[in-house]
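# A closer look at the structure
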Amino acid sequence: MYTEFATIYDRLMRFDYQSFILILEKIWKDTSPKTILDMGCGTGNMAFYLENKYFVQAFDLSENMLLEAKKKLKRTVLFHASFLNFQVREPVDVALCMFNGFNYLSSLDEFNQAVFRVAENLKEEGYFIFDINTYYALKYWYGNDILSEDIGGIHCIWKNRFFENERKLFSQLDIYFSEKNQNRHICEKQVQTLFYVSEIFRLLEQNHLRVLGLMDLETGKKPKKNCSRLMFICQKIRNRAES
């Protein structure tokens, strides 16, 4: 995943990173964090707006994404890793995983392993903030549908198949654009897994991560039933067995 796609990823991302970081900073303002881990950092857009204020470490499974990130980041420590094996030298104050990175895990076991890695690399009372595509998004927004959009001269077609019993969304993204007077076509295939909110709460609790709040990323408000992108705001609590 994310091979040639990495080179045009930024041209497709229409997201106000600066405004979103202001929302994040309101969440953690009382703790004054100094160190941040950006999980699944992609081309480094989030880290780009964080690295002047915080010590940022960031990783991605795609080496192509990391190559693009290196072009724009000056202070961030980048490394190649997966959600299942990442490790930093010292626990961090904040761990972030945005843009539904957890949906690309293949099972509840993998989700649990990833959350365990977060807890291991997070300071006590540190924040873990992440988002997922919800059941509503996978079934009703993507579903068994073909979506088409033109973004800045790039024509994108998403072909989606959702299998509810298998809890999988299979997507094929065909991208058509011109580059150096030549027509280009990139085909990107992705698989997302459905995780139910109740399951996520249970796995977070098992790993000593308490959910402080939920936010609908589309509205910035308390989520409703038709929420498609759900953000979890969590905090690591002390292991009672160690108290």
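This text gives an overview of the structure that appears in the document. (Residues numbered from 1 in each chain as written. Predicted model: local features only at pLDDT ≥ 70, side-chain atom pairs only at ≥ 80, totals over all residues. Heavy atoms only, no water.)

Further remarks concern the overall build of the protein chain. What the protein chain contains, in helices and strands, is seven helices and eleven strands. Radius of gyration (C-alpha) of the protein chain: 18 Å, near the 18 Å computed for a compact globule of 243 residues. Counting only C-alpha atoms, the protein chain reaches 60 × 45 × 30 Å along its principal axes. The burial tally for the protein chain puts 50% of its 243 residues in the buried class. Nonlocal contacts in the protein chain, meaning residues at least 24 apart in sequence, comprise 61% of its contacts between residues at least 6 apart. Here the protein chain has roughly 13200 Å² of accessible surface; of this, 48% comes from carbon and sulfur atoms. Charge separation in the protein chain, taken as the distance between the mean sites of 32 positive and 31 negative side-chain charges, equals 3 Å. (Helix = DSSP H or I, 4+ residues; strand = E, 2+ residues; numbered from the N terminus. Rg over C-alpha atoms; globule rule 2.2 N^0.38 Å. Buried < 20%, exposed > 50% of the residue type's maximum accessible area, 1.4 Å probe, protein only. Contact = heavy atoms within 4.5 Å. Areas by Shrake-Rupley, 256 points an atom, 1.4 Å probe, with all protein chains shown as cover. Lys, Arg positive; Asp, Glu negative; His and termini not counted. Charge placed at Lys NZ, Arg CZ, Asp CG, Glu CD.)

The next subject is the pattern of salt bridges. Oppositely charged side chains are able to pair whenever their charged atoms sit close together. Across all of its chains, the model carries ten salt bridges by this definition. Of the charged contacts, one joins Arg229 and Asp131 as a salt bridge, the two residues approaching to 3.1 Å between their closest N and O atoms. In this pair, Arg229 sits in strand E11 (residues 229-236) while Asp131 sits in strand E5 (residues 122-133), placing the two residues 98 residues apart along the sequence. The buried category is assigned to Arg229, whose relative accessible area is 16%. According to the relative accessible area criterion, Asp131 is buried, its value standing at 0%. When the shortest N-O distance is used, the salt bridge between Glu199 and Arg167 registers 2.7 Å. One end of the pair, Glu199, is in helix H7 (residues 197-206); the other, Arg167, is in the loop between strand E7 (154-163) and strand E8 (168-179), and 32 residues separate them in sequence. The exposure class of Glu199 is buried, given its relative accessible area of 13%. (Salt bridge = Lys/Arg side-chain N within 4 Å of Asp/Glu carboxyl O.)

Turning our attention to H7. The set of residues buried in H7 consists of Glu199, Ile200, Leu203 and Leu204. Seen along its axis, H7 keeps its buried residues to an arc of 130°; they face one direction. Turned more than 90 degrees away from the buried face of H7, the exposed residues are Ser198 and Glu205. Taken together, the buried residues of H7 touch helix H5 (108-120), E5, strand E10 (209-216) and E11. (Arc of directions from axis to C-beta.)

This paragraph deals with a nonpolar patch on the surface. Side chains of Phe163, Phe170 and Val191 sit close together on the surface and give an oily, nonpolar patch of about 230 Å² of accessible area. With respect to the helices, strands and loops of the structure, Val191 is situated in strand E9 (residues 182-193). By relative accessible area, Val191 is classed as partly exposed at 36%. (Patch = residues over 30% accessible without salt bridge, like charges linked within 9 Å, V, L, I, M, F, W, Y side chains within 5 Å.)

In this structure, Met39, Phe102, Phe111, Phe128, Phe130 and Leu204 are the most contacted members of the largest nonpolar core, which totals 31 residues. Only strand E1 (35-39), strand E4 (92-97), H5, E5, H7 and E11 provide two or more residues apiece to this core. Looking at this core element by element, the count peaks at five residues for H5. With residues near it in sequence (within four places) discarded, Phe130 still touches Cys97, Met98, Phe102, Phe111, Ile200, Leu204, Leu230, Met231, Phe232 and Cys234. Core analysis: the next-biggest nonpolar cluster, separate from the first, contains 23 residues, Met46, Leu73, Met98 and Leu217 among them. (Core = buried A, V, L, I, M, F, W, Y, C linked by side-chain atoms within 4.5 Å.)

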